[in-house]
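Fold and contact review
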Amino acid sequence: MSTVSLGSYDFAPYRSLSNEELHQRIQKVRDDLGSKLLILGHHYQQDEVIELSDLRGDSYQLSKLAAESSDCRFIAFCGVHFMAETADILANRPEKLAERNGQRVTVVLPDMAAGCSMADMAAIEQVENAWDDLGEVIDTNDITPVTYINSAASLKAFVGKHGGIVCTSSNADKALKWAFNRTSRVLFFPDQHLGRNTALTMGITEEQMPVWNPYANDLGGNSEAQLVDSKVILWQGHCSVHQMFKKEHVDAFRQNHPGIQILVHPECMREVNEIADVSGSTGKIIETVRNSPAGTKWAIGTELHLVNRLKKEHPEQEIHFLSPVVCMCATMYRIDLAHLCWSLENLAAGTPVNEIHVDEETAKWSRVALERMLEVSA
């Protein structure tokens, strides 16, 4: 799935370079490669990385935009591992390879330690075991697996093979409706909160949503009756950043800042999501603030870098971080200018490091699941 090459340049010397010099050297590679190179910056990245990104957005949006480029031959994805996998899957799909006479787009992840704790909470072996265990109690032909895009390519492929679909935080409701048109049950992973919050808006009750613990000895910690009576089986996973926001944080802001509105991501827990004024994807959070009048007051429950960037970009509004505890996405935060410069200079030298290459079989079935998502979102 990924290759860690030694490259032409060792990483260690880059650590001692100033941000100013790193910026200049990164810009030189950008100038030299021109439209052949796209640096993708996820919204949660550090500001100095975002500043050098050609495209800025959420994970799927970035991959889709990069894949649509006819000139692009190199992608440096400043995000996390599963995002770079999706970029490789989409940029190197058969029809795009044919357009380029078989030439692949090289996708690199500047720091291989940039993973996703949520995605790691559902390993492919665990999901396959859960599917087999569920089959002992209920007919798996009556279960549609739905994976959040924040998941490894192997899970997207699993979903594709088993008649399922990928979703994002902005189209999870459409994905669930699509699934329920086919089967009476859904297995939703890896984020339990997005699954629960979405299903609750569709009239599904908490009692109909047992949580599957992959480390429990029997049936994910559930009884046979719970599974038989289920509508949505939720995977016991979560985002470590969005899990930090609590009901008491909302209560404190409303008490201390009259007129403030609470804006959160649906990866937050039910008790926070239900009392927020607005709940939506990263894109919706940005759009909501952008379209609000001067003087609007917000407490925002999402990653700190994005909240701080919104503060800078909208000084006409009063914007607060919802939690009193600083919570950044540690894996997103790992990509810095030193790693970006090192990976780009190796790319320019023809010795790419940290190349992400999803095998053909996994990519094929992942595309099936992603294409189903596109169909329901059209």
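Residues numbered from 1 in each chain as written. Predicted model: local features only at pLDDT ≥ 70, side-chain atom pairs only at ≥ 80, totals over all residues. Heavy atoms only, no water.

1. Thoughts on the nonpolar core
- Among the nonpolar cores identified, the biggest contains 92 residues, and Ile75, Val146, Phe188 and Leu344 are the most heavily contacted of them.
- Looking at this core, you find at least three residues from each of domain 1 (11-115 + 333-358) and domain 2 (119-239).
- Leave out the neighbours within four places in its chain, and Ile75 touches Leu38, Leu40, Ala66, Ala91, Val105, Thr106, Val107 and Val108.
- Judged by nonpolar contacts, the second largest core, of 25 residues, contains Tyr44, Ala276, Val289 and Leu304. (Core = buried A, V, L, I, M, F, W, Y, C linked by side-chain atoms within 4.5 Å. Buried < 20%, exposed > 50% of the residue type's maximum accessible area, 1.4 Å probe, protein only. Domains from an automatic or database assignment. Contact = heavy atoms within 4.5 Å.)

2. With respect to the domain arrangement of the chain
- What the domain assignment lists for the chain is domain 1 (11-115 + 333-358), domain 2 (119-239) and domain 3 (242-321).
- Between domain 1 and domain 3, the contact holds eight residues from the first and eleven residues from the second.
- Here domain 1 packs against domain 3, burying approximately 880 Å² in sum over the two surfaces, 47% of which is carbon and sulfur.
- By the criterion of area lost to domain 3, the three top residues of domain 1 are His43, Tyr44 and Asp47, representing 66% of everything that side buries.
- With a shortest N-O distance of 2.9 Å, Asp47 and Arg309 are connected by a salt bridge.
- Grouping the amino acids of the side of domain 1 that touches domain 3 by side-chain chemistry returns three nonpolar, three polar and two charged. (Buried area = accessible area lost by both parts, 1.4 Å probe. Salt bridge = Lys/Arg side-chain N within 4 Å of Asp/Glu carboxyl O. Nonpolar A, V, L, I, M, F, W, Y, C, P; charged D, E, K, R; others polar.)

3. Thoughts on the pattern of salt bridges
- Counting across every chain of the model gives 18 salt bridges.
- For Arg25, the salt bridge identified is with Glu21, shortest N-O distance 3.5 Å. A residue pair is termed a helical-turn pair when its members lie 3 or 4 positions apart in one helix, as Arg25 and Glu21 do in helix 1 (residues 19-33) at four residues.
- Under the relative-accessibility criterion, Arg25 is labelled partly exposed at 28%.
- Glu274 is paired through a salt bridge with Arg270; the nearest N and O atoms lie 2.9 Å apart.
- Glu274 sits in the partly exposed class, given a relative accessible area of 47%. (Helix = DSSP H or I, 4+ residues; strand = E, 2+ residues; numbered from the N terminus.)

4. Thoughts on unusual backbone geometry
- The amide bond that connects Phe189 to the next residue, Pro190, takes the cis arrangement and shows omega of -5°.
- Within the fold, Pro190 resides in the loop between strand 8 (185-189) and helix 10 (192-200).
- In the Ramachandran plot, Asn101 falls in the positive-phi region, its phi being about 55° despite a non-glycine side chain.
- As for its position among the elements, Asn101 is in the loop between helix 5 (94-99) and strand 5 (106-108).
- The phi angle at Leu219 is positive, at roughly 50°, despite the residue not being glycine.
- Leu219 gets classed as buried once you look at its relative accessible area, which sits at 17%.

5. Some remarks on the pairing of strand 14 (residues 318-321)
- Across four bridges, the pairing between strand 13 (residues 297-301) and strand 14 is parallel. Across the sheet, Trp298 pairs through a bridge with Ile319, a residue of strand 14. (Pairing = 2+ DSSP bridges.)

6. Examining helix 17 (residues 360-377)
- Taking 1.5 Å of rise per residue, the 18 residues of helix 17 would be expected to cover 26 Å, and the 25 Å separating its terminal C-alpha atoms lies within 8% of that figure.
- Every buried residue of helix 17 is listed here: Thr362, Ala363, Ser366, Arg367, Ala369, Leu370, Arg372, Met373 and Val376.
- Turning to helix 17, the residues buried within the fold contact helix 3 (59-68), helix 4 (81-91), helix 5, helix 8 (153-161), strand 7 (165-167) and helix 9 (172-180).
- The backbone nitrogen of Glu361 lies 3.3 Å from a side-chain oxygen of the residue at the head of helix 17, namely Asp359. (Expected span 1.5 Å × (residues − 1). Polar contact = N/O pair within 3.5 Å; in protein donor to acceptor, adjacent residues only side chain to side chain.)

7. Some words on the sheet that holds strand 6 (residues 143-148)
- Pairing within the open sheet is parallel, and its five strands lie in the order 7-6-8-10-9. Only two strands of the sheet have a single partner each, and these edge strands are strand 7 and strand 9 (211-212).
- Its contacts with the sheet place helix 7 (residues 124-135) against strand 6, strand 8, strand 9 and strand 10 (232-235), and it is angled at close to 150° to strand 10. (Axes fitted to C-alpha atoms, helices over the stretch in contact; angles between N-to-C directions.)

8. Observations concerning the packing of helix 3 against helix 4
- Following both chains from N to C, one finds helix 3 and helix 4 inclined at 30°, their axes separated by 9 Å at the closest point. One element, helix 3, and the other, helix 4, form an angle in the roughly parallel class. For the pair helix 3 and helix 4, the sense of crossing is right-handed. Between helix 3, through Ser59, Tyr60, Ser63, Lys64 and Ala67, and helix 4, the contact on the second element is made entirely by Phe82, Met83, Thr86, Ala87, Leu90 and Ala91.
- In terms of residue class, the contact of helix 3 with helix 4 is built from seven nonpolar, three polar and one charged. (Parallel < 35°, antiparallel > 145°, perpendicular 65-115°, else oblique. Left-handed = near helix turned anticlockwise from the far one by under 90°.)

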